[in-house]
Amino acid sequence: MKAVVSSEWLKLRSVTSTYHTLGTAAMTVLLGVVWTLYVSGLADERGSLTAAAPERGFLPLIQISLAVLGVLTITSEYATGTIRTSLTVTPKRGTLLLAKAGIVGLTTFIAANAILLITYSTSRLIANGHELGFNDTSSADDLLMLLASGLSVTALALVGLGLGTALRSAAGAIVSVVALLFVLPGIVNYLPPPWNARVATLLLPNLVPQIADQRLSPRLGDGFLPPWAALAILLAYPLVALAVGYYQLKRRDL
């Protein structure tokens, strides 16, 4: 197993798409700086305002970027045909997928939390002396939200890996991730109440604030899920996706 993990780590480091996706996610830091400078300038004119925290407002950029990393970890091998070599060297398909999941999970968790922490720290440093709404809480109070956000990125990256394994198509898996992250939350708004709120609480983008024991948007009201339940559902997303991916990987001949 150790050799398989080392091999997967080498593969991840050797492809340029890894650095492209990590670089795109890291743009959150720059966007956070620009956003904070902009709203700080507005606050100078108005005295104070309520602005979105950059680490929350730009979280979808990190999520989708590193979800693409998870997708490409497996679909790039299907596209080049190297999946045959991988399965020849590691005939146990579950071991191969587990090694990929471990590498993707660890890489995205570290990268996401580093990007979020730098974005958070930089924005608070720039916003010092301005009343922007997002900088009126202590770092200790914001820690749980940051950790939940980082965990959501890792979960979505593993969902991407599972969908990429099941579909064998980078385009199909990425479209599925985009639908999960952006399209479904929009569709839920058209459900009649109270079903719109009940279904919305189960969707991945809305699990982060519930894990941090915070309200959802006013139109949805308070979250129905306690933090432990929201965390359990967040973890269920990648587990289900990887289980489907493993089933398809095992049953198909390459």
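Residues numbered from 1 in each chain as written. Predicted model: local features only at pLDDT ≥ 70, side-chain atom pairs only at ≥ 80, totals over all residues. Heavy atoms only, no water.

## As for helix H7 (residues 139–167)
To keep things clear, this is the line we draw: The way it works is that DSSP assigns letters per residue, a run of H or I at least four long becomes a helix, a run of E at least two long becomes a strand, and they are numbered from the N terminus. One less than the number of residues in a helix, times 1.5 Å, gives the span that helix is expected to have.
Taking 1.5 Å of rise per residue, 29 residues should cover 42 Å, and H7 covers 41 Å from first to last C-alpha, within 8% of that figure. Arg168 lies just past H7 and shows a positive phi near 60 degrees.

## Points about a nonpolar patch on the surface
The condition that has to hold: Residues qualify for a patch when their relative accessible area is over 30% and they have no salt bridge, like charges being joined within 9 Å and the nonpolar side chains of Val, Leu, Ile, Met, Phe, Trp and Tyr within 5 Å. All accessibility values rest on the Shrake-Rupley procedure with a 1.4 Å probe; residue burial counts only the protein chains present in the view. Salt bridges are identified by distance alone: a Lys or Arg side-chain nitrogen within 4 Å of an Asp or Glu carboxyl oxygen.
Together, Phe182, Val183, Leu184 and Ile187 make up a nonpolar patch on the protein surface, roughly 340 Å² of accessible area in all. Here Val183 lies in helix H8 (residues 170–188).

## Considerations on the layout of surface pockets
Empty space among the atoms can be located by rolling a probe the size of a water molecule over them. Where we set the bar: Using a grid of 1 Å spacing that covers the protein atoms alone, one calls a set of points a cavity when a 1.4 Å probe fits there but cannot get out, and a pocket when the set is open and has protein on both sides within 12 Å along at least five of seven lines; lining residues are those with an atom within 4 Å of a point. Grid points are joined across faces, edges and corners, and a volume is the space filled by probe spheres set on the points. All residues other than Ala, Val, Leu, Ile, Met, Phe, Trp, Tyr, Cys, Pro, Asp, Glu, Lys and Arg, Gly among them, are scored as polar; the first ten of these are nonpolar and the last four charged.
The computed volume of the second largest pocket comes to approximately 360 Å³. Considering the residues around the second largest pocket, the lining is formed by 25 residues, among which Glu8, Lys11, Glu77, Ser86 and Lys100 are closest to the centre. Those elements that place two or more of their residues in the lining of the second largest pocket are helix H1 (2–14), helix H2 (16–46), helix H4 (59–80), helix H5 (82–89) and helix H6 (93–126). In the lining of the second largest pocket, the residues fall into 9 nonpolar, 12 polar and 4 charged.

## Things to note about the packing of aromatic side chains
Cut-off, in case you're wondering: Between the rings of Phe, Tyr and Trp (Trp by its six-membered ring), a pair exists once the centres lie within 6.5 Å; its type follows the angle of the planes, with under 30 degrees stacked, over 60 edge-to-face, and the other angles tilted. Three exposure classes are used, based on accessible area relative to the maximum for each residue type with a 1.4 Å probe and protein chains only: buried under 20%, partly exposed in between, and exposed over 50%. Two conditions define a charge sitting above a ring: the NZ of Lys or the CZ of Arg must be within 6 Å of the ring centre, and it must be within 35 degrees of the ring normal.
A full pass over the atoms with the stated rule returns 1 aromatic pair. Judged by centre distance (6.0 Å) and plane angle (40 degrees), the rings of Trp35 and Tyr38 are tilted. Of the two residues, Trp35 and Tyr38 both sit in helix H2, 3 residues apart, roughly one turn of that helix. Note on Tyr38: relative accessible area 48%, which makes it partly exposed. Directly above the ring of Trp195 sits Arg198, whose terminal nitrogen or CZ lies 5.1 Å from the centroid.

## So, the packing of H4 against H8
Note the following rule: The axes used here are C-alpha line fits, helices contributing only the stretch in contact, and every angle between their N-to-C directions lies in the interval 0 to 180 degrees. Working definition: roughly parallel below 35 degrees, roughly antiparallel above 145 degrees, roughly perpendicular at 65 to 115 degrees, and oblique for all remaining angles. The crossing is said to be left-handed when, going from far helix to near helix, the turn is anticlockwise and less than a right angle, and right-handed when the turn is clockwise. The contact criterion used throughout is that any non-hydrogen atoms of two residues lie within 4.5 Å.
Taken N-terminus to C-terminus, the directions of H4 and H8 make an angle of 150 degrees; their axes are 10 Å apart at the nearest point. By the angle class used here, H4 and H8 are roughly antiparallel. Note on packing geometry: the crossing formed by H4 with H8 is right-handed. From H4, Pro60, Gln63, Ile64, Ala67, Val68, Val71, Leu72 and Thr75 reach across to H8, where they touch Ala170, Ala173, Ile174, Val177, Val178, Leu181 and Phe182. Looking at the contact of H4 with H8, its residues break down into 13 nonpolar, 2 polar and no charged.

## A few points about the pattern of salt bridges
Evaluated as defined, the whole model comprises 6 salt bridges. For Lys11, the salt bridge goes to Glu8, with nearest N and O atoms at 2.9 Å. Pair noted here: Lys11 and Glu8 are both in helix H1, with a separation of 3 residues, about one helical turn. The exposure class of Lys11 is partly exposed, given its relative accessible area of 25%. Note on Glu8: relative accessible area 4%, which makes it buried. In this structure, Lys100 and Glu77 form a salt bridge, with 2.3 Å as the shortest nitrogen-oxygen distance. Placement of Lys100 in helix H6 and of Glu77 in helix H4 is noted, with a sequence separation of 23 residues between them. The exposure classification of Lys100 matches that of Glu77, with both residues buried. A network of salt bridges, in which partner residues are shared, links Glu8, Lys11, Glu77 and Lys100.

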